[in-house]
Structures are given as C-alpha cells and as structure tokens.
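Architecture at a glance
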Amino acid sequence: MMNNSARINEFEKLVRNKYNVYNSIFLNLPFQKIKNVGILIPLIYEACLQGLHQVLDPMEILDAFFRGHTALKSEAEKIDFMFRVIQYIERQVVLYDSVEDAAFPQVWRLGNHLSIKDYLNLSKGKKESINISDKLSTFSIRIVFTAHPTQFYPPAVLDIIAKLRELITRNDINEIDITLQQLGLTSLINSQKPKPFEEAKNIIYFLKNVYYDAVGELYGHIKKSVQDRFFDNPDIIQLGFWPGGDRDGNPYVTWKTTNAVADELRMTLMKCYYRDIQSLRHKLTFRKIEDILAQLEKLLYGGMFDASETITYAEIIHPLLQIRDLLVKHYNRLYLDELENLIDKVKIFKIHFATLDIRQNHSIHQQTVQTILQNEKLVHNSLEELEKEELIFILLHKNIQLKPEQFKDKIISDTIQNISQLPGIQHKNGESGCNRYIISNSEDEFSVLFVFALLRWCGWRKGDIPFDIIPLFESMAGMKNAINIMQALFEIPEYRAHVKQRGDIQTIMLGFSDGTKDGGYLQANWSIFKTKEDLSALCSDYNIKAIFFDGRGGPPARGGGKTHRFYAAQGRDIANHAIQLTIQGQTITSTYGTKEHFMHNCEQLLTAGLSNSLFQKEHNISPQSRELLESLGRISFEKYQQLKNHKMFVPYLENKSTLKYYGKANIGSRPIKRGDTEKLEFKDLRAIPFVGSWSQLRQNIPGYFGIGSAIQALIQQGQLSPLKKLFREVLFFKALILNSMMSLSKCNFELTSYLAKDPDYKEFWNILFEEYKLSKKMVLLISGYNHLMEEEPISRNSIAIREGIVLPLLVIQQYALQKIEQGSKNKKTYEKIVERSLYGNINASRNSA
C-alpha cells in the first residue's frame, strides 16, 4: 500500500499537475479563427458534466450552453464552434499522452514489477531446480504489429509527440509553448483514407525510431541479467508485421503492396545499420578496421534506396565479427560494447527487420482451389463433387503449374501472384523475412491443406516448404473443432513431415476479437483457455511443440487489457514455449510507443512466461474451480446470446451508435465489414468497429456483458464464498474480472440516458444499463473491493482524467447523432462532426478497439 501511495503521489505531481499547467498554456494560445474557444473548454466541460447528472439530453445541454455562455445565434456558427472544440480536445489528448509518457519511467519505478533478475533470484529459492537461464535460452516473445484502423497519427504528429515528451521531461516551458502552437496548427488526421502501404509506413516509423534501439538495449539487459557468457538467444525478442501482408477482408492489399512493404522493411533496416556504422566509424579510427567499416558502409548505402540491391545477412555479420576479433586482439577492446550492441541487433533483425506475415480468409483459398481444379478439369462446378479422400490426395500429390494470368477473377489472380512471389521475398529478406501464412476463419482441416497445396503449386514445386502454416480459430465453432482439425492434420503423413521439417513446431492462432463478439466475454475467454489446454496435450502426444499466437486487440473485449497479467495467469497445462500476440491500434503508441514502454512491457511478457515455469503448482485450477468457471461461462453466454438475438441489437448499433461512421472516416484502409452486401449482418461485422462503436457510446458491452447475471445466478445458488475464493486463488479468473473492471470503468450510461425515453429503443437500452449496474455490483462483491480497479490506482486515475478531457467531445457526438436523426437540413455537416469526433475518443481511450 505504501508503494501505491508513493506512486499516486508521483502520478499527481508528474502527470496531473503538469498536465494542468501545460493545458492552461495551450487553452490560452492565440490561434487564427478560433479566438476565445480555448477559454470556453472548461465551461463546456462543466456544462456537460452537470447536464448529464441532471439527466438532460445532449441537445438540451449544448443548447443551454450556447445560450448561457456564447453569443452564437445561427446553426452554422454553433456547428463551427463544435468543430473548433473537437480540434482543441484532440490536441488536449495528445498533450496528456505526452505528459503521461514523459512521467512513465519515474512512476513505473515505484511499481511492484518483477524483473528478469528478480526471477533469477526467485528460482534459486525454489525446491524444484528450475534453470531460468536455460528457459530463457529457448523461450521467445513475438510482438506482431497489425494494420488495424485505430493508429492513424501521421509521422509529423508522431514527431511532435516525441518532441513534447522530451521537452516535458526537461520542463522547458518556452519550447513547450512553441511546440504546443505547432501542434495547434498541424493537422492530426488524414485528408483521405490511407492506402495499405501508407499504413505500413506509419508502423515502420516505430520500428525505425523506437524498436530498433529498444530491442538491442533490451537484449543487452537480458544478457547482463542472466550473467552467463554463453547465453546466446537473439530470437528471444521477435517482431512480426501484418500491414501489407494481411489481406483478410481488405481488397486494397495486393501482391504489389506485399512486395513493396517487404522492400520498405529491408531498406529501412539498412538505413538503421548505416547510421550505426557511421557512428562507429567516428570511434573505430584504427588502421586494420577503417577499410572494413568503409566497405560495409558502402554496401549498406547501396541497399538503402534501391529495392533491387539486396544484401545478405553474411555480408553484414561477418565484417562485424571480424572487427570484434581485431578489437580484442589489437585495440584493447575499445568501444567493444557499442560494437557488441550492433552485432546483437544484426543477429536479431538480420535483413528483414520484422517478419511479414501473410494472412487471408479460408473462403478465398477455397474459392481459389476450386477455380484451379475447374481449370484442370478435375471438377465441373464445385469441390463437393469430390470425395474427401480424393480432394486430400489432389492437394497433397497433384502437381499443377499455375500462372496468375490464367485467371480472370482479380482476387484469385492476386492470391496466386502473391504466393508465387513469396520465394522471391525470402530471397531478398531472408527466410525469417516472410515465413508464416495465417488462415482466418479456419473451420476444418482443408483450411490448412488448401494453403499447403497453393504453396506447392505456386511457390515450392519441389522440396520442403519453408513456411509455417497457421490456422486461426476465431469463432466458438472453430475453437470447438480445433482439436479434431489438428489431430486430422497430424495423422496425414505429408503434413506431419512438413511440421517435422519446421522443427516439430506447430503455431496455432486463436482470435479473441471474433471469439468475444461471437460468444461473449467470459465464455470466449474460458473457451480459449480450455482449447489451449487441449491443443497442448494433443501436440504433446504427437511430440510437437505447440505455440499459441493470440489475436488480441486493445480493450478487454478484444483480448486486451493488462497483457502481463493475462499471460502470467495461463495454467500449467498450457504449452509455454513462447508468447506471441498481435499489437494494434492505439496500443502500439500507448504500450509500446517509447523505448521505456517497449522495454518494460517486453520484459514483463518475458517474466510472465517465466512465472508459468516457476509457479506451475500455484497456477493449477482445481476441479471445483473448473466447475464454477463452466457455470459462469454457460450462464454469461446464454445472457449474451439473448442480447445478440434481440430484434433491436443490430438496429441499435446501426442507428444509435457511430458504427457506420467508422467506414466513412479516414482512419484505415479496411472496410468495416466483410462482404459487399448492403444490409448489415452481424456475422459480417468486423470486431474493431463493433467493439469501437460500443466504446464510443461509453457502454463497452462486449467487455463485461453477462458477467453480472452469471455471478448473481451462482450466488443465488449459495456460491458466494466459492466465487470469492475463485477470485482470490485462480489467477486466470482474477485476470478476467480485473480486465472487465477496466471496461466497466470506462462506461458512462449518463451520456445516452436520453434513450431511456426513446419509444423504439428504451427497452433495449434498459437491458444494457441493468446488466452494467449488476455487473459492477457483482464484481465488487466477489472481489471485496470498494471501487473498480482498486488494485490499479494509477490506471484508474488516468482513465478518469482522459474521460474528463473527452466528455465535451462525447456530448457533441451525441448531439450530432440526435440532429441527424431529426433530419436536420445540415445532416451532412453533422455526419462530418460524428466522423471527426471518432479520432479524439479513440486516442483518449488508448485501447478502445
């Protein structure tokens, strides 16, 4: 508690107080055309806060504000004012992010976080001999950055944010003043939808400016902590990359995009190496070394701008190792640490920087294979004409030569062209540059076998296929069938031989986003947990190492929340060879956006893996606890299904939320739903706009709905004491409840309380509100807490400040939605207000979708 108290004091001093000081400067800055708007921001906040407490609707609140605090008369003037307020609040969010990020190192140091060194010491005290050094020698974490549409700051804005962070750390008021003026005059958003290649470049910005140095420094820290001069595991930290390779539901990602992104990753890495070599040349001014460095510098320069100039890993690492030998033998080891740091980075990043994953939906592969077999006269119309064994034989043994121009359908032609170019990408970027193929919507063994066949026919007609084929089980049905699917695959000699050739490792991806959308928060997470246990046992039976790749979004509703807590709570029966997860949207900037953030959160992921090795007994879930979890999952699932099946569920999202505006805003290149039908079907809806829309409403339904009803039902059966014990003793359950508390903390039903009077939606809104109140009451009851997130005061305070900043923006958004529904003559302008309001809300939440 003393530690928490110290952290709270530090947070108040370094975050809240500093933000208030710099915000007061910002609100008083003179900007053209928006005179006096800044000084009205605190007044509009107070008006919104009091108005919502008085159960006024957004139109009543803002109309009263306009009458009482402004001289604005016309609707056009009021609309212009609301746009200016949105612009201010967007920048307040950026300012707060900068202040909080600048304070992170000091606030974090006062936390109860265990380092790798702590775990090494803990292992010495365990009765069972556990060699943490050995574990770290084979363990790895893989952070996979995705192209999801909630990370949209252009590089110019990211540079301003980085500059602000540095200035705030130094308390340089004059420069902060100037930089805030720059921020006020710089556009934060895209003027048009970004193309997939532009999305990729935005993430590459972080690779170049943050992760290149952070990964090298973290690896050096790990080696120093282990204190074993023979420790050598540069694969312990791996970076993955989806922008440009993920084409599931995004028709704008083509084979040309994939190739261009692969080149950009490699050339950007060469620029990073070149920068380091230039720095070393100023220090290693020794006769036997100068020429080697000059030749390497020249080689790297050639690969920095010309995509046709490729450099092998050996051409970079061998000169560096030669220089190291010379330093040791002839030059007193001078600057050896700097050289070792570069050697480490070259061993980690090689010539690819990050592994470019390929992802596509199973249905596209099915369509492609069917068209190929039609061309080959093996079927007339459909694959269903073949017996299962016949189709498997064709996929495994039939040799077919394909050319993209044989096919008129654009998606089929592009699929074949893309797979055909994969050997070329591996030649340029090394095998590690692109060696994973992920299949979305995997529902049977053909999900994997279609890709196996396409890789044979398009890329590797002879010999081994240097690609991991990774099924993604994301629906409840997919997870239920996962065991049978993988067993059927392992029983196929040709596929088992492929897995053996890949090191007897099978990576399996589990999708939290669609799982939660499909089955509700509790049931989805429990199903994924059990599926991991079953798949771990199955793989073990076949002498295969299972590695789970988790498709996690930002918020708890999409598998997000506190990542370390989630992985530290994995049971002893879940394979623990590696941690792999997707990082997307604002989570990239909020959790991995600075070197300090990246190093801290990566180390916490590593210690989560170590925790499972050290505390296997403590992580065991008893049969009684499993029975409780089964009941909770079942009841919450039933409650969630009732909600999904309610006749107003989809209409509510369509008409009362910002759902349709996600597709109109210039946030990302991907459409908001799969398919091209006009009618909105729940099954086609993508998880990001689905979860994001609930977040914009401040209702966060997918992050907790059903929990309250499930806990209450068990309490009514006399299970209160066992539920309290479950929270105290089962880390997995506690992690789920704490993450749901985060979702509940970000709710504000006052914002939409006017819907309780809506003749069409009042019943549905009340269902949501009652479950929210019940869930909050029940999680507090079983946890024994007095308020939500009691163990996490810093996060709780941060959420409260952020929600306060965007409150006027949220009310403006609802005001615009009301005006649109009333058929205002300025409907198109109000739609623009709704679209524009998405940005600030998304960034303020930091993990809204």
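Heads up: these notes are all about the structure in this document. The shown structure was predicted, so the numbers you read here are calculated from the model rather than taken from an experiment. Here the residue index of a chain counts from 1 through its sequence in written order. Residue-level local features of this predicted model are given only where pLDDT is at least 70; pairs of side-chain atoms are given and counted only at 80 or more, and the full residue set underlies all totals for whole chains, interfaces and linings. Side-chain calculation: all heavy atoms of the structure are included, whereas hydrogens and water are not.

Let us now look at the overall build of the protein chain. Each helix is a run of H or I in the DSSP string that is no shorter than four residues. Each strand is a run of E no shorter than two, and both are numbered from the N terminus. Looking only at helices and strands, the protein chain has 34 helices and 9 strands in total. The principal-axis extents of the C-alpha atoms in the protein chain amount to approximately 75 × 70 × 65 Å. Per-residue burial over the protein chain gives 62% buried out of 849 residues. We call two residues contacting when some pair of their heavy atoms lies within 4.5 Å. Within the protein chain, counting contacts between residues at least 6 apart in sequence, those at least 24 apart form 81% of the total. Here the term buried applies to any residue with accessible area under 20% of the maximum for its type, exposed to any over 50%, and partly exposed to those in between, with areas from a 1.4 Å probe on protein chains only.

In this analysis, axes come from line fits to C-alpha atoms, helices being fitted only over the stretch in contact, and the angle between any two N-to-C directions falls in the range 0 to 180 degrees. One way to put it is that helix α3 (residues 58-69) packs onto helix α4 (residues 75-109) with a least axis distance of 12 Å and a crossing angle of 105°. Judged by the inter-axis angle, α3 sits roughly perpendicular to α4. For the pair α3 and α4, the contacting residues are Leu62, Phe65 and Phe66 in the first and Lys78, Phe81 and Met82 in the second. Considering only residue class, the contact of α3 with α4 consists of 5 nonpolar, no polar and 1 charged. Relative orientations are named as follows: roughly parallel for angles under 35 degrees, roughly antiparallel for angles over 145 degrees, roughly perpendicular for angles from 65 to 115 degrees, and oblique for any other angle. Residues are grouped as follows: Ala, Val, Leu, Ile, Met, Phe, Trp, Tyr, Cys and Pro are nonpolar; Asp, Glu, Lys and Arg are charged; all remaining types, including Gly, are polar.

Take Ser527: it is sitting in helix α21 (residues 521-541). By relative accessible area, which is 12% here, Ser527 ends up buried. Contacts of Ser527, omitting those with residues within four sequence positions, involve Met476 and Met479.

The span you would expect from a helix comes to 1.5 Å times its residue count less one. If you check helix α16 (residues 410-429), its first and last C-alpha atoms are 27 Å apart, about what 20 residues at 1.5 Å a residue would give, namely 28 Å. What is called the bend at a residue is the angle between a pair of axes, fitted to the seven residues leading up to and ending at it and to the seven starting from it. The axis of α16 is deflected most strongly, by about 35°, at Leu422, and proline Pro423 appears within four residues downstream. A 3.5 Å cut-off defines polar contacts: any pair of N or O atoms within that distance qualifies, except that in protein one atom must be a possible hydrogen donor and the other a possible acceptor, and neighbouring residues in sequence count only when both atoms are side-chain atoms. Of the residues flanking the start of α16, the one acting as N-cap is Asp409, its side-chain oxygen 3.0 Å from the backbone nitrogen of Ile411.

Among the 5 residues of strand β2 (residues 237-241), 5 are classified as buried, and the element is accordingly described as predominantly covered. Covered by surrounding structure in β2 are Ile237, Leu239 and Phe241 together with Gln238 and Gly240, the residues of both alternating faces. In this sheet, β2 lies alongside strand β1 (residues 140-145) in parallel orientation, the contact comprising 5 bridges. Within the sheet, the bridge partner assigned to Ile143 lies in β2 and is Leu239. Here β2 pairs with strand β3 (residues 355-356) via 2 bridges, running parallel. Bridge pairing in β3 links Gly240 to Thr355. Being paired, for any two strands, means DSSP has found at least two bridges between them.

Taking burial as the measure, the 7 residues of strand β7 (residues 505-511) include 6 buried ones, the bulk of the element. By the bridge criterion, 2 bridges tie strand β6 (residues 468-473) to β7 in an arrangement that is parallel. Within β7, the position partnered with Phe473 by the bridge is Leu510. Strand direction decides the pairing type here: β7 and strand β8 (residues 545-551), joined by 7 bridges, are parallel. Residue pairing across strands places Gly511 opposite Gly551, the latter belonging to β8.

Within the open sheet, the 9 strands sit side by side as β3-β2-β1-β9-β8-β7-β6-β5-β4. Their pairing is parallel. Across the chains shown, the open sheet's two edge strands, defined by having one partner strand only, are β3 and β4 (358-361). Two strands pair when backbone bridges link them, and β8 and strand β9 (residues 578-583) are joined in this way by 2 bridges, in the parallel orientation. Its bridge partner being in β9, Phe549 is matched across the sheet by Gln580. Lying over the sheet, α21 contacts β7 and β8, oriented at roughly 155° with respect to β8.

Fair warning: the whole summary comes from geometry, so function is off the table for now.
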